[in-house]
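# A look at the structure
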Amino acid sequence: MSHKSNSLKHVALQKFKTNFWGVFSFYFIVFVGVISVFAYILAPDNSQSANQMHLSIHSKKPGFNVTMLTIPSQIINDQSVWRKVFFGKRNTDTEVPISEYAITGNSLTYQEYAVDGLKGVEKTIALNVFPNADAASYISDRTFLFGTDKYGRDLLSRILVGARISFFIGFVAVFISLLIGVFMGSMAGYFGGKVDAVIMWIINVTWSIPTLLLVIAITLALGKGFWQVFIAVGLTMWVEVARVVRGQIISVKEMQYVTASRALGFGNMRIITRHILPNIMAPVIVISAANFAGAILIESGLSFLGIGAQPPMASWGAMVKDHYNYIILGKPYLAIIPGLCIMSLVMAFMLIGNALRDALDVKS
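The following paragraphs examine the structure supplied in this document. (Residues numbered from 1 in each chain as written. Predicted model: local features only at pLDDT ≥ 70, side-chain atom pairs only at ≥ 80, totals over all residues. Heavy atoms only, no water.)

## Re the overall build of the chain
Stated precisely, the cut-off is as follows: Secondary structure elements are defined from DSSP: runs of H or I of at least 4 residues count as helices, runs of E of at least 2 residues count as strands, and each element is numbered from the N terminus. The reference for a compact globule is 2.2 Å times residues^0.38; the radius of gyration itself is calculated from the C-alpha atoms. Only protein chains enter the calculation, and the probe is 1.4 Å; a residue is then buried if its accessible area is under 20% of its type maximum, exposed if over 50%, and partly exposed in between. Residues count as neighbours in contact if any of their non-hydrogen atoms are within 4.5 Å of one another. Only the protein chains shown count as covering a residue, and every accessible area follows the Shrake-Rupley method with a 1.4 Å probe.
In terms of regular secondary structure, the chain is built from 14 helices and 5 strands. In summary, the chain has a C-alpha radius of gyration of 27 Å against a globular reference of 21 Å for 364 residues, an excess of more than 25%. Put simply, the chain has 364 residues, and 43% of those count as buried. Restricting to contacts in the chain with at least 6 residues of sequence separation, those with at least 24 account for 71%. Surface accessibility of the chain: about 19300 Å² in total, with carbon and sulfur atoms responsible for 65%.

## Notes on the sheet that holds strand S1 (residues 64-71)
Worth spelling out the cut-off: Pairing between strands is defined by DSSP: at least two bridges between them are needed. To get an axis, a line is fitted to the C-alpha atoms, and for a helix only the part in contact is used. The angle between two axes follows their N-to-C directions and goes from 0 to 180 degrees.
With antiparallel pairing, the 5 strands of this open sheet are ordered in space as S4-S3-S2-S1-S5. With partners counted over all chains shown, the strands left at the sheet margins are strand S4 (122-126) and strand S5 (139-144), one partner each. The average angle at which neighbouring strand axes cross in this sheet is 50 degrees, direction not considered. Pairing analysis gives 5 bridges linking strand S3 (residues 107-112) to S4, with the strands arranged antiparallel. The partner of threonine 109 across the bridge, within S4, is threonine 124.

## A closer look at the environment of glycine 308
Relative to the elements of secondary structure, glycine 308 occurs in the loop between helix H12 (281-305) and helix H13 (316-323). In sequence terms glycine 308 and glycine 223 are 85 residues apart; their C-alpha atoms lie 10.0 Å from each other. Sequence-distant contacts of glycine 308, that is, excluding residues within four places in its chain, are made with Gly225, Val229, Leu302 and Ser303.

No statement about biological role is implied by the geometric values presented.
Below, the structure is given as C-alpha coordinates:
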(Lines give C-alpha, C1' and ligand atoms only; values in the text may rest on other atoms or scores of the structure.)
Protein backbone atom coordinates (compact mmCIF):
# COMPACT_ATOMS: atom_id res chain seq x y z
CA MET A 1 0.00 0.00 0.00
CA SER A 2 1.43 3.37 -1.00
CA HIS A 3 2.01 5.86 1.77
CA LYS A 4 1.63 9.55 1.09
CA SER A 5 4.14 11.60 3.04
CA ASN A 6 2.67 14.27 5.28
CA SER A 7 6.02 15.65 6.46
CA LEU A 8 6.43 19.40 6.72
CA LYS A 9 8.90 19.34 3.80
CA HIS A 10 6.39 17.56 1.59
CA VAL A 11 3.57 19.92 2.57
CA ALA A 12 5.78 22.98 1.96
CA LEU A 13 6.84 21.63 -1.44
CA GLN A 14 3.23 21.04 -2.46
CA LYS A 15 2.23 24.54 -1.37
CA PHE A 16 5.15 26.00 -3.30
CA LYS A 17 4.13 24.11 -6.45
CA THR A 18 0.68 25.69 -6.32
CA ASN A 19 2.17 29.18 -6.37
CA PHE A 20 2.38 30.08 -10.06
CA TRP A 21 4.68 33.08 -9.68
CA GLY A 22 6.97 31.20 -7.32
CA VAL A 23 7.39 28.31 -9.75
CA PHE A 24 7.73 30.67 -12.70
CA SER A 25 10.41 32.67 -10.85
CA PHE A 26 12.26 29.47 -9.96
CA TYR A 27 12.49 28.38 -13.59
CA PHE A 28 13.42 31.92 -14.66
CA ILE A 29 16.28 31.96 -12.15
CA VAL A 30 17.44 28.53 -13.37
CA PHE A 31 17.28 29.87 -16.94
CA VAL A 32 19.44 32.89 -16.03
CA GLY A 33 21.82 30.58 -14.17
CA VAL A 34 22.31 28.40 -17.26
CA ILE A 35 22.92 31.53 -19.34
CA SER A 36 25.47 32.75 -16.78
CA VAL A 37 27.45 29.51 -16.86
CA PHE A 38 27.39 29.02 -20.64
CA ALA A 39 27.34 32.70 -21.67
CA TYR A 40 30.31 32.42 -24.01
CA ILE A 41 28.75 29.49 -25.84
CA LEU A 42 25.48 31.37 -26.37
CA ALA A 43 26.90 34.85 -27.08
CA PRO A 44 27.45 35.84 -30.74
CA ASP A 45 30.65 37.58 -29.61
CA ASN A 46 32.55 34.96 -27.60
CA SER A 47 35.65 37.09 -27.04
CA GLN A 48 36.71 37.71 -23.45
CA SER A 49 34.13 40.01 -21.80
CA ALA A 50 32.41 40.27 -25.24
CA ASN A 51 34.73 43.19 -25.87
CA GLN A 52 35.08 43.10 -29.67
CA MET A 53 34.83 46.79 -30.58
CA HIS A 54 33.74 48.25 -33.95
CA LEU A 55 33.65 52.03 -33.50
CA SER A 56 32.31 52.62 -37.01
CA ILE A 57 29.02 50.89 -36.09
CA HIS A 58 28.52 52.27 -32.58
CA SER A 59 25.04 52.83 -31.11
CA LYS A 60 23.16 50.97 -33.83
CA LYS A 61 19.53 49.97 -33.38
CA PRO A 62 18.39 46.39 -32.67
CA GLY A 63 18.42 44.22 -35.78
CA PHE A 64 21.26 46.16 -37.41
CA ASN A 65 22.97 44.16 -40.18
CA VAL A 66 26.45 44.71 -41.61
CA THR A 67 29.03 42.81 -43.68
CA MET A 68 31.99 41.84 -41.48
CA LEU A 69 35.51 41.04 -42.70
CA THR A 70 37.64 38.97 -40.34
CA ILE A 71 41.39 39.31 -40.88
CA PRO A 72 43.13 36.33 -39.27
CA SER A 73 46.08 36.94 -36.99
CA GLN A 74 49.45 35.18 -37.18
CA ILE A 75 49.46 34.84 -33.39
CA ILE A 76 48.69 31.30 -32.29
CA ASN A 77 45.85 31.05 -29.78
CA ASP A 78 46.87 28.30 -27.35
CA GLN A 79 43.84 28.58 -25.06
CA SER A 80 42.32 25.36 -23.82
CA VAL A 81 38.72 24.50 -24.71
CA TRP A 82 37.77 24.76 -21.03
CA ARG A 83 39.01 28.37 -20.80
CA LYS A 84 37.29 29.32 -24.06
CA VAL A 85 33.96 27.94 -22.84
CA PHE A 86 33.99 29.52 -19.38
CA PHE A 87 36.21 32.60 -19.77
CA GLY A 88 35.83 33.55 -23.43
CA LYS A 89 38.10 33.32 -26.43
CA ARG A 90 41.26 35.41 -26.52
CA ASN A 91 40.47 36.88 -29.89
CA THR A 92 43.57 37.94 -31.85
CA ASP A 93 41.78 38.32 -35.19
CA THR A 94 40.73 41.75 -36.48
CA GLU A 95 37.12 42.36 -37.44
CA VAL A 96 36.36 45.18 -39.88
CA PRO A 97 32.80 46.26 -40.82
CA ILE A 98 32.76 46.85 -44.59
CA SER A 99 30.27 48.14 -47.14
CA GLU A 100 31.86 46.84 -50.35
CA TYR A 101 34.60 44.41 -51.33
CA ALA A 102 36.16 42.91 -54.46
CA ILE A 103 38.67 40.11 -55.00
CA THR A 104 41.02 40.82 -57.90
CA GLY A 105 44.08 38.71 -58.63
CA ASN A 106 46.02 38.12 -55.43
CA SER A 107 44.46 40.91 -53.41
CA LEU A 108 41.26 41.84 -51.62
CA THR A 109 40.01 45.40 -51.90
CA TYR A 110 37.38 46.55 -49.40
CA GLN A 111 35.71 49.74 -48.30
CA GLU A 112 35.25 50.28 -44.59
CA TYR A 113 31.74 50.95 -43.31
CA ALA A 114 30.83 54.61 -42.80
CA VAL A 115 27.69 56.29 -41.48
CA ASP A 116 25.50 59.11 -42.78
CA GLY A 117 26.15 58.29 -46.43
CA LEU A 118 29.87 58.97 -46.14
CA LYS A 119 32.35 56.95 -48.14
CA GLY A 120 34.61 54.75 -46.04
CA VAL A 121 38.35 54.32 -46.45
CA GLU A 122 39.31 51.92 -49.22
CA LYS A 123 42.04 49.43 -48.39
CA THR A 124 43.76 46.51 -50.11
CA ILE A 125 45.32 43.43 -48.48
CA ALA A 126 47.04 40.40 -49.97
CA LEU A 127 45.11 37.14 -50.13
CA ASN A 128 48.01 35.20 -48.63
CA VAL A 129 47.05 36.46 -45.16
CA PHE A 130 44.04 34.14 -45.36
CA PRO A 131 44.50 30.36 -45.05
CA ASN A 132 44.48 28.82 -48.52
CA ALA A 133 43.94 32.36 -49.87
CA ASP A 134 40.21 31.82 -49.26
CA ALA A 135 39.12 35.35 -48.37
CA ALA A 136 35.43 34.75 -49.16
CA SER A 137 35.01 32.43 -46.18
CA TYR A 138 36.17 35.25 -43.88
CA ILE A 139 33.45 37.64 -45.06
CA SER A 140 29.99 37.19 -43.59
CA ASP A 141 26.82 39.10 -42.75
CA ARG A 142 26.51 39.95 -39.07
CA THR A 143 23.20 40.79 -37.41
CA PHE A 144 23.19 42.54 -34.02
CA LEU A 145 19.86 41.49 -32.51
CA PHE A 146 20.05 44.01 -29.63
CA GLY A 147 22.10 46.53 -31.60
CA THR A 148 25.51 47.82 -30.55
CA ASP A 149 26.69 49.96 -27.63
CA LYS A 150 28.61 53.22 -27.83
CA TYR A 151 31.84 51.33 -28.49
CA GLY A 152 30.34 49.21 -31.27
CA ARG A 153 30.18 46.05 -29.16
CA ASP A 154 27.37 43.52 -29.55
CA LEU A 155 24.82 44.48 -26.90
CA LEU A 156 23.25 41.00 -26.77
CA SER A 157 26.62 39.40 -26.03
CA ARG A 158 27.34 41.97 -23.32
CA ILE A 159 23.93 41.28 -21.74
CA LEU A 160 24.56 37.51 -21.71
CA VAL A 161 28.07 37.80 -20.29
CA GLY A 162 26.97 40.50 -17.82
CA ALA A 163 24.37 38.12 -16.37
CA ARG A 164 27.26 36.17 -14.85
CA ILE A 165 28.22 38.96 -12.43
CA SER A 166 24.68 39.85 -11.39
CA PHE A 167 23.77 36.19 -10.87
CA PHE A 168 26.84 34.91 -9.08
CA ILE A 169 27.19 37.90 -6.79
CA GLY A 170 23.92 36.78 -5.22
CA PHE A 171 25.29 33.32 -4.44
CA VAL A 172 28.64 34.55 -3.12
CA ALA A 173 27.16 37.37 -1.06
CA VAL A 174 24.42 35.17 0.44
CA PHE A 175 26.94 32.41 1.20
CA ILE A 176 29.20 34.86 3.07
CA SER A 177 26.25 36.43 4.87
CA LEU A 178 24.96 33.01 5.95
CA LEU A 179 28.36 31.92 7.29
CA ILE A 180 28.79 35.05 9.40
CA GLY A 181 25.13 35.70 10.22
CA VAL A 182 24.23 32.18 11.33
CA PHE A 183 27.35 31.93 13.51
CA MET A 184 26.93 35.32 15.15
CA GLY A 185 23.17 34.93 15.61
CA SER A 186 23.57 31.43 17.07
CA MET A 187 26.16 32.55 19.60
CA ALA A 188 24.09 35.56 20.67
CA GLY A 189 20.78 33.73 20.92
CA TYR A 190 22.01 30.54 22.58
CA PHE A 191 24.50 31.84 25.15
CA GLY A 192 22.89 35.22 25.90
CA GLY A 193 24.36 37.45 28.60
CA LYS A 194 27.61 39.24 27.78
CA VAL A 195 28.06 37.30 24.53
CA ASP A 196 24.66 38.51 23.37
CA ALA A 197 25.41 42.08 24.46
CA VAL A 198 28.72 42.23 22.57
CA ILE A 199 27.32 40.70 19.39
CA MET A 200 24.22 42.91 19.47
CA TRP A 201 26.48 45.95 19.86
CA ILE A 202 28.39 44.90 16.72
CA ILE A 203 25.09 44.29 14.90
CA ASN A 204 23.67 47.68 15.90
CA VAL A 205 26.83 49.54 14.87
CA THR A 206 26.88 47.77 11.50
CA TRP A 207 23.15 48.34 11.06
CA SER A 208 23.49 52.07 11.72
CA ILE A 209 25.83 52.57 8.73
CA PRO A 210 24.04 52.98 5.37
CA THR A 211 24.50 49.78 3.36
CA LEU A 212 25.79 51.40 0.18
CA LEU A 213 28.22 53.60 2.14
CA LEU A 214 29.54 50.58 4.02
CA VAL A 215 29.97 48.61 0.81
CA ILE A 216 31.84 51.52 -0.78
CA ALA A 217 34.15 51.75 2.26
CA ILE A 218 34.91 48.02 2.20
CA THR A 219 35.41 48.08 -1.58
CA LEU A 220 37.87 50.97 -1.32
CA ALA A 221 39.73 49.11 1.47
CA LEU A 222 39.92 45.85 -0.50
CA GLY A 223 40.48 47.54 -3.87
CA LYS A 224 38.46 47.64 -7.06
CA GLY A 225 37.77 44.32 -8.70
CA PHE A 226 35.50 41.40 -9.36
CA TRP A 227 35.92 39.39 -6.15
CA GLN A 228 36.37 42.45 -3.95
CA VAL A 229 32.82 43.55 -4.77
CA PHE A 230 31.47 40.07 -4.00
CA ILE A 231 33.18 40.02 -0.59
CA ALA A 232 32.18 43.60 0.23
CA VAL A 233 28.50 42.96 -0.48
CA GLY A 234 28.57 39.71 1.54
CA LEU A 235 30.16 41.46 4.54
CA THR A 236 27.28 43.94 4.71
CA MET A 237 24.36 41.49 4.45
CA TRP A 238 25.03 39.24 7.45
CA VAL A 239 23.31 41.56 9.94
CA GLU A 240 19.76 40.67 8.86
CA VAL A 241 20.57 36.96 9.01
CA ALA A 242 22.14 37.28 12.46
CA ARG A 243 19.10 39.11 13.90
CA VAL A 244 16.68 36.54 12.51
CA VAL A 245 18.73 33.57 13.75
CA ARG A 246 19.18 35.17 17.20
CA GLY A 247 15.47 35.77 17.59
CA GLN A 248 14.55 32.27 16.47
CA ILE A 249 17.05 30.60 18.80
CA ILE A 250 15.86 32.66 21.78
CA SER A 251 12.31 31.47 21.11
CA VAL A 252 13.20 27.74 20.87
CA LYS A 253 16.23 27.20 23.13
CA GLU A 254 14.05 26.40 26.15
CA MET A 255 11.80 23.96 24.30
CA GLN A 256 11.61 20.33 25.37
CA TYR A 257 13.77 18.83 22.63
CA VAL A 258 16.60 21.24 23.48
CA THR A 259 16.26 20.49 27.19
CA ALA A 260 16.31 16.77 26.40
CA SER A 261 19.49 17.21 24.35
CA ARG A 262 21.19 18.92 27.30
CA ALA A 263 20.03 16.14 29.63
CA LEU A 264 21.60 13.55 27.32
CA GLY A 265 24.93 15.35 27.70
CA PHE A 266 25.23 16.73 24.17
CA GLY A 267 27.64 19.64 23.71
CA ASN A 268 26.46 23.15 22.96
CA MET A 269 27.73 23.14 19.38
CA ARG A 270 26.00 19.84 18.63
CA ILE A 271 22.74 21.12 20.09
CA ILE A 272 22.97 24.28 17.98
CA THR A 273 24.01 22.66 14.70
CA ARG A 274 22.13 19.34 14.86
CA HIS A 275 18.96 20.21 16.76
CA ILE A 276 18.19 23.93 16.77
CA LEU A 277 19.36 25.26 13.38
CA PRO A 278 17.52 22.64 11.25
CA ASN A 279 14.28 23.68 12.96
CA ILE A 280 14.66 27.44 12.42
CA MET A 281 15.96 27.54 8.83
CA ALA A 282 12.60 28.43 7.24
CA PRO A 283 12.83 32.20 7.94
CA VAL A 284 16.55 32.14 7.12
CA ILE A 285 15.77 30.68 3.68
CA VAL A 286 13.20 33.41 3.08
CA ILE A 287 15.57 36.23 4.06
CA SER A 288 18.31 34.67 1.92
CA ALA A 289 16.07 34.99 -1.14
CA ALA A 290 15.57 38.67 -0.33
CA ASN A 291 19.33 39.07 0.15
CA PHE A 292 19.88 37.66 -3.34
CA ALA A 293 17.84 40.52 -4.75
CA GLY A 294 19.54 43.04 -2.49
CA ALA A 295 23.01 41.88 -3.54
CA ILE A 296 22.13 42.28 -7.23
CA LEU A 297 20.87 45.83 -6.65
CA ILE A 298 23.91 46.80 -4.58
CA GLU A 299 26.32 45.47 -7.21
CA SER A 300 24.43 47.32 -9.92
CA GLY A 301 24.65 50.50 -7.88
CA LEU A 302 28.39 50.05 -7.33
CA SER A 303 28.97 49.41 -11.03
CA PHE A 304 26.91 52.50 -11.83
CA LEU A 305 29.17 54.52 -9.52
CA GLY A 306 32.25 53.04 -11.19
CA ILE A 307 33.60 51.03 -8.26
CA GLY A 308 32.03 47.69 -9.15
CA ALA A 309 33.19 45.37 -11.91
CA GLN A 310 35.87 47.18 -13.87
CA PRO A 311 36.02 47.65 -17.68
CA PRO A 312 36.11 45.84 -19.99
CA MET A 313 34.19 43.33 -17.83
CA ALA A 314 30.50 43.26 -18.73
CA SER A 315 28.08 44.26 -15.97
CA TRP A 316 24.43 45.29 -16.23
CA GLY A 317 24.97 48.18 -13.81
CA ALA A 318 27.99 49.44 -15.75
CA MET A 319 26.00 49.19 -19.00
CA VAL A 320 23.30 51.43 -17.55
CA LYS A 321 25.97 53.88 -16.40
CA ASP A 322 27.62 53.99 -19.84
CA HIS A 323 24.38 54.65 -21.68
CA TYR A 324 21.93 56.45 -19.38
CA ASN A 325 22.53 59.73 -21.24
CA TYR A 326 21.39 58.02 -24.45
CA ILE A 327 17.84 57.98 -23.03
CA ILE A 328 17.44 61.62 -24.09
CA LEU A 329 19.45 61.15 -27.29
CA GLY A 330 16.85 58.94 -28.97
CA LYS A 331 18.44 55.57 -28.16
CA PRO A 332 16.96 54.66 -24.78
CA TYR A 333 17.19 50.89 -25.41
CA LEU A 334 20.93 51.01 -24.65
CA ALA A 335 20.11 51.70 -20.98
CA ILE A 336 16.60 50.23 -20.81
CA ILE A 337 17.58 46.69 -21.88
CA PRO A 338 20.15 46.12 -19.08
CA GLY A 339 17.83 47.95 -16.67
CA LEU A 340 15.00 45.54 -17.50
CA CYS A 341 17.38 42.61 -16.98
CA ILE A 342 18.23 43.86 -13.49
CA MET A 343 14.55 44.45 -12.69
CA SER A 344 13.50 41.00 -13.94
CA LEU A 345 16.11 39.10 -11.95
CA VAL A 346 15.49 41.08 -8.76
CA MET A 347 11.71 40.61 -9.11
CA ALA A 348 12.18 36.86 -9.64
CA PHE A 349 14.10 36.53 -6.39
CA MET A 350 11.56 38.64 -4.50
CA LEU A 351 8.65 36.55 -5.86
CA ILE A 352 10.36 33.28 -4.99
CA GLY A 353 11.04 34.68 -1.51
CA ASN A 354 7.33 35.48 -1.07
CA ALA A 355 6.42 32.00 -2.33
CA LEU A 356 8.82 30.37 0.13
CA ARG A 357 7.44 32.49 2.96
CA ASP A 358 3.90 31.28 2.22
CA ALA A 359 4.99 27.67 1.75
CA LEU A 360 7.00 27.53 4.98
CA ASP A 361 4.37 29.30 7.09
CA VAL A 362 3.20 26.64 9.53
CA LYS A 363 0.15 28.68 10.48
CA SER A 364 -1.39 28.62 6.99
